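Observations on the model geometry
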Amino acid sequence: MTQISPHILDALGTVGPASGTVVQATDVHKWFGRLHVLKGVSLEVARREVVVIIGPSGSGKTTFIRCINHLEKIQQGRIFVNGHLIGYREANGKLVEDREKNIARQRQEIGMVFQRFNLFPHLTALGNVVEAPLRVRHMPEHEARDMGRDLLTRVGLAGKLDAYPAQLSGGQQQRVAIARALAMNPALLLFDEPTSALDPEMIGEVLDVMKALAADGMTMIVVSHEMGFAREAADRVVMVDDGQIIEQGSPDEVFGSPRHERTKAFLSKIV
Amino acid sequence: MRTAPGESLIGTRPARLLAGFVVLVLLLSACERNVSYQYRWDLFFKSVFTPSPLILGGLGLTVAIAVVSQVVGVILGVLGALGRLSSAAPIRWLAGFYVWIFRGTPLLVQITFVYFGLGVAGIYAWDRHPLFGIAGAIQAGTVALALNEGAYMTEIVRAGILSVDIGQMEAAKALGMTYRQAMRRIVLPQAARIIVPPLGNEFNNMLKTTSLLVILGVGELYVTFSRLNGTLFAPFELFLACALWFLLLTTIWSFIQSWIERRLGRGFAPTDSGPGWRGRLFGSRLRPIEDPSQVSGGR
Ligand SMILES: Nc1ncnc2c1ncn2[C@@H]1O[C@H](COP(=O)(O)OP(=O)(O)OP(=O)(O)O)[C@@H](O)[C@H]1O
Ligand SMILES: [Mg+2]
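First, a word on scope: everything that follows refers to the structure included in this document.

A closer look at the layout of surface pockets
By volume, the largest pocket amounts to about 850 Å³. Together, 30 residues line the largest pocket, and Glu100 of chain A together with Ser87, Met169, Lys173 and Tyr179 of chain B are the ones closest to its centre. Those elements that place two or more of their residues in the lining of the largest pocket are α2 (100-107) of chain A together with α4 (53-84), α7 (136-162), α8 (166-174) and α9 (179-209) of chain B. Residue contributions to the lining of the largest pocket peak at four residues, all from α8 of chain B.

Pasting the structure below:
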């Protein structure tokens, strides 16, 4: 029986400021070679806001959120997180890629949860969670372990601290992955289809964790086609098609009365 | 796995191997036998069970040279692999050049070149720099073995790193780790699991390859027996004893190796921790399928 705490973020002690802009992306363009994947994406996300991104396969959803923590380079536009230009610095009017150390520091602020979990298979659940706090933040070991234990307990994995990823179900692995991202106390969490690699009976437990985080006031950008989650937890739904945002609004607006033909066509396919 | 009929009669694979060996020896001694040859089994037993300090010294030197060469070779291999995977082209070329040279020329040539070549040309006179009182020939031999080993280890380590899912590096970076941290803490420990089995084979080879240093007159195990044979002339008994000593070394190593592999298998599927010592010595019947792509992410 999975016991997910309603206040997961309490494990971290501190909670950031209540308002302001966390993400500001303007006119982002991305090419893979000659393939124009992002064609001028602009998106602002306020603190404590939950944005769900939907859109057909290949429309650039994954690519866009990977640009936000600079796992992908961009060729045009700017992305700011907490006021910091991500991945680049300006040198006489031109953007040049930032030093690795600075990029790594910026990424500490941005948690990411992957479709295929990407847990570290040679570390236990607790080891996965405390790795970055220990090595990147240089947190004292006992403090990191206490926090890691607390986080894993709150995502319903108190009994699995010493289990290796291979010994966990998909849903459990993804909850460890969420705890791992939270352990760095990020200002923003990015989710790339966090439940699409899961068996149906495990989707609920992961979505429950995400809903609890949303209710706790975590700022989140979630690529997902889980309408139930979007209706319950999202402040805004953004429809991406062919590398552009073609429509956005509250879940009721976008799901209930989509304005764009392509949104209608897309929604008719996923329900 | 193919099961030969009657296999159960002959028994296990080690038993069959032993039986084959005995038959082979009998056959060899039956045909073309020098009837006048007096076996001096006392020499054999003495050098196996009550080895002289000379033999023990040779044994120690063999182990020492092999261990040092292998350790340095692994370090060179990790550096070489990181170099080959570097984003900086000159570093990639340098690492590639190193591998090309040392894998492309005979080890014997490398050993003689490093000692005699560098020494005679005055580039580095090994005998004039007795570091820690170690003879120049030993130094030069160890360096040559290590350099050669480093080239092979470069390829082994590189393959190990490439076998780790790219998502591991990305997850580590997403947490704020630098490339170095991610390599050291996340990628290399996982690559180690892939690297260790071939590394074990490399060290097994290294233990035996040290005998090539005969060319420099380094007094390791083979040279010791070779010299004994020079005075006692009993090649059958002495080299049989010599072979046994090498067999002892490689056998001990195979135990150590399977222990290491089992430890590295932690966290992976239980059947996936490599063959045990039995399997390692005599070939395992059920070899677990190695599939690096299954290592991460999957359920
Ligand atoms: N590393 C890459 N190299 C080249 N092309 C890529 C790369 N990654 C993605 N693409 C291409 O970019 C486009 C957008 O891909 P992306 O993964 O962002 O789509 P998506 O909206 O996340 O789709 P899905 O719903 O299938 O996950 C696709 O055409 C894809 O083939
Ligand atoms: Mg995607």
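Moving on, there is more to tell.
Describing the packing of helix α10 (residues 221-232) of chain B against helix α11 (residues 235-264) of chain B
Residue and element names in this part refer to chain B. Where α10 contacts α11, the axes come no closer than 9 Å and their chain directions differ by 165°. Classed by the angle they form, the pair α10 and α11 counts as roughly antiparallel. Taken as a pair, α10 and α11 cross one another with a handedness that is right-handed. Contact residues: Leu221, Tyr222, Phe225, Ser226, Leu228, Asn229 and Leu232 in α10; Pro235, Leu238, Phe239, Ala241, Cys242, Trp245, Phe246 and Leu249 in α11. Residue classes in the contact of α10 with α11 are distributed as 13 nonpolar, two polar and no charged.

Here's the deal with the interface of chain A and chain B
Between chain A and chain B, the contact holds 32 residues from the first and 27 residues from the second. Carbon and sulfur atoms supply 57% of the area that chain A and chain B bury against each other, a total of about 2500 Å² over both sides. Of all residues in chain A, the largest losses of buried area upon contact with chain B belong to Phe120, Pro121 and His122 of chain A, amounting jointly to 22% of the total for that side. In this assembly, chain A and chain B are joined by two salt bridges. The shortest N-O distance in the salt bridge between Glu170 of chain B and Arg66 of chain A comes to 2.8 Å. Of all elements in the fold, only α2, β8 (110-113), α3 (125-135) and α5 (170-182) of chain A reach the threshold of two or more residues within the side of chain A that touches chain B. A per-element tally of the side of chain A that touches chain B places α5 of chain A first, with four residues. Classifying every residue of the side of chain A that touches chain B gives 18 nonpolar, six polar and eight charged.

Rules and cut-offs
- Residues numbered from 1 in each chain as written.
- Chains lettered and ligands numbered in written order.
- Predicted model: local features only at pLDDT ≥ 70, side-chain atom pairs only at ≥ 80, totals over all residues.
- Heavy atoms only, no water.
- 1 Å grid on protein atoms, 1.4 Å probe; cavity = no way out; pocket = protein on both sides within 12 Å on 5 of 7 lines; lining within 4 Å.
- Points joined across faces, edges and corners; volume = space filled by probe spheres on them.
- Helix = DSSP H or I, 4+ residues; strand = E, 2+ residues; numbered from the N terminus.
- Axes fitted to C-alpha atoms, helices over the stretch in contact; angles between N-to-C directions.
- Parallel < 35°, antiparallel > 145°, perpendicular 65-115°, else oblique.
- Left-handed = near helix turned anticlockwise from the far one by under 90°.
- Contact = heavy atoms within 4.5 Å.
- Nonpolar A, V, L, I, M, F, W, Y, C, P; charged D, E, K, R; others polar.
- Buried area = accessible area lost by both parts, 1.4 Å probe.
- Salt bridge = Lys/Arg side-chain N within 4 Å of Asp/Glu carboxyl O.

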